[in-house]
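Analysis of the macromolecular model
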Amino acid sequence: MATRISEIVFDCGEPARLVRFWAALLGGEPVDRGPDWSFVDPPEGPRLAFQRVPEGKTVKNRVHLDLDAEAGDVERAAETAVGLGASRVGPVTPDSQGRFQVLQDPEGNEFCFVESPPDPAG
């Protein structure tokens, strides 16, 4: 039996703040369901939900989101995210699969903008 992802849930301190950030970055309308739960349904991909938890983030994420950089422009995508409240973690980095930029959302959850290398076939 195949299963699909219904939503990705982030533990956080301020659900309303994070849902506004992610809605602005990915598109979709932020939905607040009280002080402890918010979500956004972006036009592409699964729902992102934000659930208030009492403890703060203390270690690196075990899971992160990789986002396609619009028009393959990692720098421009990162600047947009920074303008919305994200922060960069290091420089744009090339690797065998293309280039990527690691960022953190306003609560420190890591995500990446990725760009694929040009197709050698053309």
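Residues numbered from 1 in each chain as written. Predicted model: local features only at pLDDT ≥ 70, side-chain atom pairs only at ≥ 80, totals over all residues. Heavy atoms only, no water.

The name given to the chain in an unreviewed UniProt entry is VOC family protein, with Streptomyces amakusaensis as the source organism.

Okay, the overall build of the chain next. Helix and strand counts for the chain come out as 2 helices and 9 strands. Reading the secondary structure of the chain in the N-to-C direction produces β-α-β-β-β-β-α-β-β-β-β. The globule rule puts the C-alpha radius of gyration for 122 residues at 14 Å, and the 15 Å found for the chain is close to it. Considering only C-alpha atoms, the chain reaches an extent of 50 × 40 × 25 Å along its principal axes. (Helix = DSSP H or I, 4+ residues; strand = E, 2+ residues; numbered from the N terminus. Rg over C-alpha atoms; globule rule 2.2 N^0.38 Å.)

Bringing the environment of proline 106 into the picture now. By secondary structure assignment, the location of proline 106 is in the loop between β8 (98-104) and β9 (110-115). Sequence spacing of proline 106 and glutamate 14 is 92 residues, and the spatial spacing of their C-alpha atoms is 9.6 Å. Excluding anything up to four places from it in sequence, proline 106 contacts Arg17, Leu18, Phe21 and Gly85. (Contact = heavy atoms within 4.5 Å.)

Moving on, we get to the pattern of salt bridges. Taken as a whole, this structure holds 6 salt bridges when the rule is applied. Notably, a salt bridge pairs arginine 52 with aspartate 36, separated by 2.9 Å at the nearest N-O pair. One end of the pair, arginine 52, is in strand β4 (residues 47-52); the other, aspartate 36, is in the loop between β2 (30-32) and β3 (37-40), with 16 residues separating them in the sequence. The salt bridge partner of glutamate 115 is arginine 99, with a shortest N-O separation of 2.6 Å. One end of the pair, glutamate 115, is in strand β9; the other, arginine 99, is in strand β8, and 16 residues separate them in sequence. What makes glutamate 115 buried here is its relative accessible area of 17%. Overlapping salt bridges, with partners in common, bring together Glu7, Asp41 and Arg47 in one network. (Salt bridge = Lys/Arg side-chain N within 4 Å of Asp/Glu carboxyl O. Buried < 20%, exposed > 50% of the residue type's maximum accessible area, 1.4 Å probe, protein only.)

The next point concerns the sheet that holds β3. Pairing is mixed in the open sheet, where 4 strands are placed in the order β1-β4-β3-β2. Edge positions in the sheet fall to β1 (7-12) and β2, since each of these pairs with one other strand and no more. If you compare each strand with its neighbour and ignore which way they point, the axes differ by 20° on average. Two strands pair when backbone bridges link them, and β1 and β4 are joined in this way by 6 bridges, in the parallel orientation. (Pairing = 2+ DSSP bridges. Axes fitted to C-alpha atoms, helices over the stretch in contact; angles between N-to-C directions.)

Looking at the chain, the pLDDT average stands at 90 and 94% of residues meet or exceed 70. Within the chain, the element-level pLDDT minimum falls on strand β7 (residues 93-95), averaging 89, and the maximum on strand β6 (residues 87-88), averaging 98. (pLDDT = per-residue confidence, 0-100.)

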